[in-house]
Amino acid sequence: MLSEKDLVGVWSLVSHHYLNTDGSTSEGPLGPRADGLLIYHPDGYMAASMMRTRDATESGGVEASTPSAAYLGSVDDYLSYSGRWQVRDGVVVHEVSIGSHARVINTRQVREVILRDEFLTLRRCLDETSQYVVMDWRKA
């Protein structure tokens, strides 16, 4: 049975994608090279940060000292939130208190959990579809 002790620690994002009903996958909302960290503290607090990454050709080669709108990206290129967390009936529940997007603040984010060795998969079914958003993590 899954417990909080199983999840405590720092996890690095490996993959963020959609899982379709036929078993196929498609690129997730943060692109093919999403990066992120997920932190579960034993005191019941958590933090998640995920971002789209680009190489120099995608950012136009702009240096950080001269940011442009293209270099900075959009608000949808980065998502973070934090708050309380707990395991309940085999799922993890994030009670979001602060976040980078107003749409996640004061929400309850419920994720199905698959734990294999040092790998953690969190997924949720999209509303009114049978497509899943899947985040694969590796213990840091």
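As the structure is a computational prediction, the values presented were derived from the model and not from experiment.

About the cut-offs
- Residues numbered from 1 in each chain as written.
- Predicted model: local features only at pLDDT ≥ 70, side-chain atom pairs only at ≥ 80, totals over all residues.
- Heavy atoms only, no water.
- Helix = DSSP H or I, 4+ residues; strand = E, 2+ residues; numbered from the N terminus.
- Salt bridge = Lys/Arg side-chain N within 4 Å of Asp/Glu carboxyl O.
- Buried < 20%, exposed > 50% of the residue type's maximum accessible area, 1.4 Å probe, protein only.
- Pairing = 2+ DSSP bridges.
- pLDDT = per-residue confidence, 0-100.
- Contact = heavy atoms within 4.5 Å.
- Phe/Tyr/Trp six-rings, centres within 6.5 Å; stacked < 30°, edge-to-face > 60°.
- Lys NZ or Arg CZ within 6 Å of the ring centre and 35° of its normal.

### Some points on the environment of R116
Next, step 1: If you trace the backbone, R116 turns up in strand β7 (residues 108-116).
Next, step 2: Placed 22 residues apart in sequence, R116 and R138 show a C-alpha to C-alpha distance of 9.7 Å.

### A look at the pattern of salt bridges
Next, step 1: One pass over the full model with this rule turns up three salt bridges.
Next, step 2: Close ionic contact of R123 with E112 constitutes a salt bridge, the shortest N to O distance being 2.8 Å. Residue R123 is located in strand β8 (residues 119-125), and its partner E112 is located in strand β7; the two are separated by eleven residues in the primary sequence.
Next, step 3: Under the relative-accessibility criterion, E112 is labelled partly exposed at 31%.

### A word on the pairing of β7
Next, step 1: Direction of pairing for strand β6 (residues 91-99) relative to β7: antiparallel, over a ladder of five bridges. The residue of β7 that forms the bridge with H94 is Q109.
Next, step 2: Bridge count between β7 and β8: five bridges; the pairing is antiparallel. In the sheet register, I114 faces β8, and the bridge partner there is T121.
Next, step 3: Taken together, β7 and the strand that follows it, β8, pair antiparallel across an intervening segment of two residues, in which D117 is found at a positive phi of about 50 degrees.

### Overview of the confidence of the model for the protein chain
Next, step 1: Of all residues in the protein chain, 85% attain a pLDDT of 70 or more, and the chain-wide mean is 88.
Next, step 2: The model gives residues 61-72 a pLDDT under 50, and that stretch makes six contacts with residues more than four places away or in other chains.

### A few points about the packing of aromatic side chains
Next, step 1: Enumeration according to the criterion identifies one aromatic pair in this entry.
Next, step 2: With a centroid separation of 4.4 Å and 45 degrees between ring planes, the pair formed by Y40 and W85 is classed as tilted. Linking Y40 in strand β3 (residues 35-40) with W85 in strand β5 (residues 78-88), this pair joins segments that are 45 residues apart in sequence.
Next, step 3: Of the residues examined, Y40 reaches a relative accessible area of 1% and is grouped as buried.
Next, step 4: For W85, a relative accessible area of 7% puts it in the buried group.
Next, step 5: The ring centre of Y45 lies 4.3 Å from the NZ or CZ of R84, which sits over that ring.

### With respect to the pairing of β6
Next, step 1: Inspection of the sheet shows β5 paired to β6 by eight bridges, in the antiparallel sense. Each residue of the ladder has a partner; that of R84, found in β6, is E95.
Next, step 2: The hairpin turn running from β5 into β6, its antiparallel successor, is two residues long, and D89 in that turn takes a positive phi close to 55 degrees.

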